[in-house]
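# Structural features, examined
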Amino acid sequence: MEKAYLRPFGDKRNIRYPLDDIRYRSDDGAILEVVNPLDRFTPQTSAALKKVFDDRAGSWQPIDRSGVWRYREFLPAFAPYEDIVTMPEGNTPLYDMPRCAQYTGMRRLTVKHQGCNPTGSFKDNGMTTAVTMAKKIGARMVACASTGNTSASMAAYAARAGMRSVVFIPEGQIAYGKLSQALDYGALTIQIKGDFDKAMAIVEEVCQKAEIYLLNSINPFRIEGQKTIMIELLHQLGWEVPDWIIVPGGNLGNNSAFGKAFAEMKDSGFIDRVPRVAIIQAEGANPLYLSYTGNDRTLKPVDAHTRATAIKIGNPVSFDKSWFTIDYTDGCVEQVSEEEIARAKSRIGIDGIGSEPASAATVAGCKKLVAQGTINPSDNVVCILTGHLLKDPDYTVEFHRDELYLDVKRTSTVSGHRKIPTEGYKNSPVKMAADADAILAYIQKTIT
Ligand code: F0G
């Protein structure tokens, strides 16, 4: 059997690097991908493997219990699977969202809530594989730049593996839920003056100069783990392929992982068609959207602004990989405004599900794509909620108090300090005297 290897993404020159080569780019600057030898899958072995996946879902062994390592035949780069670092992650629920369906104009709408991961975001799916690889190559220190969730996840997995971690975050621009995690899990936390894109450039330079292993999604082993979000989803759906997957786009690693997962599942006979992937960006952080609508596949970075701080990224690392996903799945890119994100988040909320703002871009994008006629109301659509509400409680409270501004109020340095309208969607808290009769009268008047 051929062994897995690394190659420059999209490269036709047959350049190969061994898996334990600590590099993140080719000599001419292209990002890398893992090539997995999937030739041993046949229709028979694929059918048998589906049964194995079912059996593993009922096992208590950490390697089977994990919604990443359960699908390890799609992760041959990590074999043998000794010393895996697992929390265990994945196993995230699917929810039917009747109120969101109504809001978006769909007959039915499903979400997969990646915020139900151990550190509250989809990053755990990729961090378990990348930290396991870090352990295999003997790394003692790991690092990342982050809008918050990657740092929270990396800090936790590094701590579990007994490694030191260093996070680079844009000062004043990450949500406190996420910052508190990195601090508590013992990461050395460096706040950079500047935005995420600046922090990303610096961490790459630092990791190149020292023996520090880089764990952003430029690391191809992160992408391998994140593939399993889609493999697990299809397993949950009895291998029935939905019409659409809707995912937010920031640094663009997640949708890239989804495209790779669909290509590998199709090539190995697990599925016979692939869903279309819609990538949703915030209007103020939309380089992929501009490329898509401008029909120009060169990345033109933007100066990013959005209160969905997780996707406040103007110079995304996995831009080229995203284009593979768009082409391969006949996908599309849409942008949504701050107001659309905030309103969609409140509709997710009234279905009893909490997400952080970046995740709500999916439901906002779905509404827009239905209105345009791109998505049919009877299509089978799954929105990926990428992070938990408690990651950024300030946003939610400010929204319901009608105090939500485009710029984070804590810093309020950027010009254009615009208020995001919430009228008709907010659920403001009320102040009342501690008087039972008056309170009861108010409840009876308000809830009819
Ligand atoms: N949603 C959430 C909650 C995120 O944290 C991120 C990215 C995205 C969506 C976008 O995913 O980058 O793969 O396109 N957060 C990163 C971080 C960049 O540092 O935590 P992407």
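Look a little higher up for the structure.
Report follows, based on the coordinates. (Residues numbered from 1 in each chain as written. Predicted model: local features only at pLDDT ≥ 70, side-chain atom pairs only at ≥ 80, totals over all residues. Heavy atoms only, no water.)

## A closer look at the sheet that holds strand β3 (residues 94–96)
Ordered in space as β3-β4-β12-β9-β10-β11, the six strands form an open sheet in which the pairing is mixed. Looking at which strands have only one partner, the edges of the open sheet turn out to be β3 and β11 (332–336). Adjacent strand axes in the sheet meet at a mean angle of 25°, parallel and antiparallel pairs treated alike. When strand β4 (residues 110–113) meets strand β12 (residues 381–385), the two strands line up parallel, connected through four bridges. Within β12, the residue paired with T110 across the bridge is V382. Docked against the sheet, helix α9 (residues 253–267) engages β9 (244–248), β10 (276–282) and β12, running at close to 155° with respect to β9. Against the sheet, helix α11 (residues 319–329) engages β10 and β11, with an angle of about 140° to β10. (Pairing = 2+ DSSP bridges. Helix = DSSP H or I, 4+ residues; strand = E, 2+ residues; numbered from the N terminus. Axes fitted to C-alpha atoms, helices over the stretch in contact; angles between N-to-C directions. Contact = heavy atoms within 4.5 Å.)

## Points about the pattern of salt bridges
Applying the stated criterion to the full structure yields 31 salt bridges. Between K193 and E171 there is a salt bridge, with the nearest N and O atoms lying 3.1 Å from each other. Taken together, the residues K193 in the loop between β7 (188–192) and α7 (196–209) and E171 in the loop between β6 (164–170) and α6 (176–184) connect sequence positions 22 residues apart. Among the ionic pairs, K368 bridges to E340, the shortest N-O distance being 3.9 Å. One end of the pair, K368, is in helix α13 (residues 357–372); the other, E340, is in helix α12 (residues 338–350), with 28 residues separating them in the sequence. It is possible to trace a salt-bridge network through shared partners that takes in R56, D64, R72 and E73. (Salt bridge = Lys/Arg side-chain N within 4 Å of Asp/Glu carboxyl O.)

## Quick word on the site of the ligand
T147, N251, L252, N254 and T386 are the nearest of the 21 residues found near the ligand. Contact between the ligand and T147: an oxygen atom at 2.8 Å from a main-chain N or O atom of the residue. A distance of 3.1 Å is found between an oxygen atom of the ligand and a backbone nitrogen or oxygen belonging to G253. For the ligand, whose unbound accessible area comes to 470 Å², protein coverage reaches 99%. At the level of elements, α5 (149–161) and α9 are the ones that each hand at least two residues to the shell around the ligand. Partitioned by chemical class, the residues of the shell around the ligand number seven nonpolar, twelve polar and two charged. (Near = heavy atom within 4 Å. Polar contact = N/O pair within 3.5 Å; in protein donor to acceptor, adjacent residues only side chain to side chain. Areas by Shrake-Rupley, 256 points an atom, 1.4 Å probe, with all protein chains shown as cover. Nonpolar A, V, L, I, M, F, W, Y, C, P; charged D, E, K, R; others polar.)

## Observations concerning the side chain of D351
Relative to the helices and strands, D351 is located in the loop between α12 and α13. Residue classification places D351 among the buried residues on the basis of a relative accessible area of 14%. Only 2.8 Å separates the side chain of D351 from the backbone nitrogen of C100, close enough to count as a polar contact. In this structure D351 touches M97, P98, R99 and C100, once residues within four positions along its chain are discounted. (Buried < 20%, exposed > 50% of the residue type's maximum accessible area, 1.4 Å probe, protein only.)

## Some points on the packing of aromatic side chains
If you walk through the whole model with that rule in mind, you get twelve aromatic pairs. Between W69 and F78, the aromatic rings sit 5.5 Å apart at their centres with planes inclined by 90°, giving edge-to-face as the arrangement. Comparing W69 with F78 shows no difference in burial state: the two are buried. Through pairs of rings, three or more aromatic residues link up here, namely F53, Y71, F74, W239 and F270. A cation over an aromatic ring shows up here: R65 above the ring of W60, its NZ or CZ 4.9 Å from the ring centre. The lysine or arginine in question, K367, covers the ring of Y103, its NZ or CZ lying 4.6 Å from the ring centre. (Phe/Tyr/Trp six-rings, centres within 6.5 Å; stacked < 30°, edge-to-face > 60°. Lys NZ or Arg CZ within 6 Å of the ring centre and 35° of its normal.)

## Notes on the sheet that holds strand β8 (residues 213–214)
With parallel pairing, the four strands of this open sheet are ordered in space as β7-β6-β5-β8. Whereas interior strands pair on both sides, the edge strands pair on one side only; in this sheet they are β7 and β8. Across five bridges, the pairing between strand β5 (residues 141–145) and β6 is parallel. In the sheet register, M141 faces β6, and the bridge partner there is R164. The strands touched by α6 are β6 and β7; relative to β7, the strand with the most contacts, the crossing angle is about 140°.

## Side note on helix α1 (residues 43–57)
Along an α-helix, residues three or four apart share an orientation, since each turn contains 3.6 residues. Between its first and last C-alpha, α1 extends 21 Å over 15 residues, near the 21 Å set by a 1.5 Å rise per residue. Where α1 is concerned, the buried positions are S46, L49, F53 and R56. The buried residues of α1 occupy one face: seen down the axis, they fall within an arc of 75°. On its buried face, α1 sits against α2 (62–65) and α8 (220–236). (Expected span 1.5 Å × (residues − 1). Arc of directions from axis to C-beta.)

By themselves, these are just geometric observations and shouldn't be taken as functional.
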